[in-house]
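Descriptive analysis of the structure
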Amino acid sequence: MKINASRSELVEVAKGNLPADVFIKGGTIINVYSGEFLKLHVAIYKDSIAYVGESEAAIGADTKVIDATGKYVAPGFIEAHSHPWVIYNPISITSKVLPLGTTTSVNDNLFFHLHMGAKGFKDLAHDLKDMPGNFLWFVRLVSQADYPGEKAWYNHHDIHELLKLEEVVGSAEVTRWPMLYKGDPFLLETMDFVKEIGKISDGHTSGCSYEKLNAVVASGVTACHEAITAKEALDRLRLGMWTVLRNSSLRPDLAEVIQMITKGNVNTSRVVMTTDGPHPGFIDREGFVDGLVRNAVELGVPVMNAIQMVTINAATYLRLEDYIGGIAPGRKADILLLPDLENFRPDMVIASGEIVAENGQLLASMPEISWEKYVVRQPFEFPKFVLENPELYLYPHGDESKPIPVSYFKSNVITQRKDIMLPAADGFADLSGQDGLLYAALIDRRGKWVSRALLERFASTLDGMASTYNTTTELLVVGRCAQAMATAAARVHEIGGGIVVVDKAEIILEIPLPLTGMMTSDPSFDQAVAYHDVLLQTLQERGFPFHDILYTLLFLTCDFLPGLRLVPYGLYEVKKDQILLEATPLSTNIVK
């Protein structure tokens, strides 16, 4: 990270010899370094803070003076673990959260790398530097689900080159953390490389016991946001990890994990908070980092500690504390004017010395991005008629005396195996008299393979749905009616990626997601909210019993959470590391 103001210019402004561009007068500074609330002024030159004190010598004839009397002057909030692809895209999410006070976000590059390759992602990252605020990146070392060709796509040379980019602060979470526990050579070598270049390694250790956690920390992981109890959070803190407390749409865990602070009386200097990629509706109603601070204070965390966790603590974790995270000379002028210490919604947001938002309204212009120029992977590499064959979606079953393993949803994302006796018809499982059971198929968008499963407690009256929104971004098709599934899948093919829901032969919902099959290309965050809300309502009306449909879709095709998963290699039982029904070549199912 760099600043545009020269050090000599900042020195002269600090001495009163050069006028400031902006002067914030009369506010109460939230000093996250000393833990004090101080009545002082702030002088800004270009993109940086030059002076903090009682003098007004930096005010010149052309200086813009901001009267902050009665307001609190806070550092810009930092989201240190963001996923900018939950239907929204980097432009739309930034447009939403910048007026809420988040001036820095560190973003997961997962689906950008999957569909753009190293060069496309590098070009995108460069172009997004024109956005207001600090839009930084974590680089994935592996995908969230193993697939044929993964090692070639995530190769040493490309990963090393991406990690060296200025806007990349380190490696992203390895969701398949058992690879680290088992000592995967590529991951361990890359962890060493990350440390050699002075960057960090974000972590994901969901379900990891304390004993195994020791090995994961030894592998080089810097932080973890996956604690769901106060004890798990404390375990991570005690083992030297930066402990990131989460409150998100899928896992609103803050009320539990915050007890590490409110009841445990621990040192909070290595504690950070995150929203961890919430769905659009959650952000629209609960806020972003501002919501984290608001909730933490309501739960009993002192205001100063809560703000430190999303400013100086986060900056220190990211190794950027010389540039962001506090109000002090030489730091970037990322500043919020807060009217109170209850709602934490800023009246004004300053990013890099520019007023970018006032009273919740974005003032800064956003770059116009032509997303398609970065993408190297085609939406589909086979003709639509392939998807119009209903037999493609049926589960093979030739022996009625043997049970079929069914993926039963215990929660939004956790499944368990249930062995069920089912009748057969023409070599396939017959679900016609089985309430609540659904067919599921995962189809390679290059046309090479198809994996199949049966689901229970997903959406019991759903006729057909197709979605490229899942952790593989392949085509996931679910339903109780094979013909409706075929109709939905064919329509997703036509629109180049997205989500389609079908009742009988009628398309009742269509959400185009042309950007990697995960994101709308629309710059409006409101459009992402509308898509999410109508999708959730539509599925709940058809029996979906949970609260976060996007993460259910996302993680059904992963290979690291408990239960049965539908992955590129087939129907996979995670704990046994066993494929129960292998994927078959898609070509054997082509009927025109």
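In this text the structure is predicted, and so the values were computed from the model without any measurement.

Turning to the pattern of salt bridges, a few remarks are in order. A full pass over the atoms with the stated rule returns 33 salt bridges. Close ionic contact of arginine 140 with glutamate 173 constitutes a salt bridge, the shortest N to O distance being 3.8 Å. Taken together, the positions of arginine 140 in the loop between β10 (134–139) and α4 (150–153) and glutamate 173 in the loop between β11 (168–171) and α6 (178–181) put the pair 33 residues apart, joining distant regions of the chain. Looking at arginine 140, the relative accessible area reads 0%, which means it is buried. Glutamate 173 sits in the buried class, given a relative accessible area of 5%.

Another aspect to go through is the UniProt feature "domain: Adenine deaminase C-terminal" (unreviewed entry) in the protein. When the UniProt feature table is mapped onto this chain, "domain: Adenine deaminase C-terminal" (unreviewed entry) is found at residues 413–577. Secondary structure over residues 413–577 splits into 23% helix and 33% strand, and the C-alpha atoms at its two ends are 18 Å apart.

Grouped together as the largest cluster of nonpolar side chains are 171 residues, with contacts concentrated most on Trp85, Leu245, Tyr393, Ile443, Phe458, Tyr469 and Leu539. With 9 residues, the single largest contributor to this core is helix α3 (residues 110–127). One finds Ala80, Val169, Val244 and Leu320 within the second-largest nonpolar core, a separate group that totals 18 residues.

Let's shift gears to the packing of aromatic side chains. Throughout the structure, instances matching the rule amount to 13 aromatic pairs. Between tyrosine 551 and phenylalanine 555 the ring centres are 5.6 Å apart and the planes differ by 45 degrees, which places this aromatic pair in the tilted class. Linking tyrosine 551 with phenylalanine 555, this pair stays in helix α18 (residues 549–556), spanning 4 residues, or about one helical turn. Of the two residues examined, tyrosine 551 and phenylalanine 555, each falls in the buried class. Each residue in the set Phe112, Phe121, Phe135 and Trp137 is aromatic and connected to the rest through ring pairs, giving one cluster. Sitting above the plane of the phenylalanine 380 ring, arginine 445 keeps its charged end 5.5 Å from the centroid.

Looking now at helix α7 (residues 185–196). Here α7 contains 12 residues, and its C-alpha end-to-end distance of 17 Å stays within 8% of the 16 Å for a straight helix at 1.5 Å per residue. When we look at burial in α7, the residues that qualify are Phe186, Leu187, Thr190, Met191, Phe193 and Val194. End-on view of α7: buried residues confined to an arc of 165 degrees, all on one side of the axis. Exposed and oriented more than 90 degrees from the buried face of α7 are Pro185 and Glu196. Buried residues along α7 sit against α5 (156–163), β11, α6 and β12 (200–201). Glycine 198 occupies a position one or two residues after α7 and carries a positive phi of about 75 degrees.

Under the feature "domain: Amidohydrolase-related" (unreviewed entry), the UniProt entry names residues 72–356. In residues 72–356, helix accounts for 39% and strand for 18%; the two terminal C-alpha atoms are 18 Å from one another.

A two-sided burial pattern is seen for strand β17 (residues 348–351), the buried positions comprising Met348 and Ile350 on one face and Val349 and Ala351 on the other. Across 3 bridges, the pairing between strand β16 (residues 335–338) and β17 is antiparallel. Among the inter-strand pairings, leucine 337 is bridged to a residue of β17, identified as methionine 348. Summarising the sheet, β17 and strand β18 (residues 354–358) pair through 4 bridges and their orientation is antiparallel.

Right, let's get into the environment of proline 252. By secondary structure assignment, the location of proline 252 is in the loop between β14 (242–246) and α10 (254–257). Distance from proline 252 to threonine 275, taken between C-alpha atoms, is 8.8 Å for residues 23 residues apart in sequence.

A word on the sheet that holds strand β4 (residues 41–45). Pairing is mixed in the open sheet, where 4 strands are placed in the order β5-β4-β1-β6. If you trace the sheet from one side to the other, it starts and ends with β5 (48–53) and β6 (64–67), each paired once. In this sheet, adjacent strand axes meet at a mean angle of 20 degrees when their direction is disregarded. Bridge count between strand β1 (residues 22–25) and β4: 3 bridges; the pairing is antiparallel. If you follow valine 22 over to β4, its bridge partner there is isoleucine 44. With respect to the sheet, helix α1 (residues 7–15) is in contact with β4 and β5, its orientation differing from that of β5 by roughly 25 degrees.

Cut-offs used in this document
Residues numbered from 1 in each chain as written. Predicted model: local features only at pLDDT ≥ 70, side-chain atom pairs only at ≥ 80, totals over all residues. Heavy atoms only, no water. Salt bridge = Lys/Arg side-chain N within 4 Å of Asp/Glu carboxyl O. Helix = DSSP H or I, 4+ residues; strand = E, 2+ residues; numbered from the N terminus. Buried < 20%, exposed > 50% of the residue type's maximum accessible area, 1.4 Å probe, protein only. UniProt positions renumbered as here; feature names shortened; annotations may be inferred. Core = buried A, V, L, I, M, F, W, Y, C linked by side-chain atoms within 4.5 Å. Phe/Tyr/Trp six-rings, centres within 6.5 Å; stacked < 30°, edge-to-face > 60°. Lys NZ or Arg CZ within 6 Å of the ring centre and 35° of its normal. Expected span 1.5 Å × (residues − 1). Arc of directions from axis to C-beta. Contact = heavy atoms within 4.5 Å. Pairing = 2+ DSSP bridges. Axes fitted to C-alpha atoms, helices over the stretch in contact; angles between N-to-C directions.

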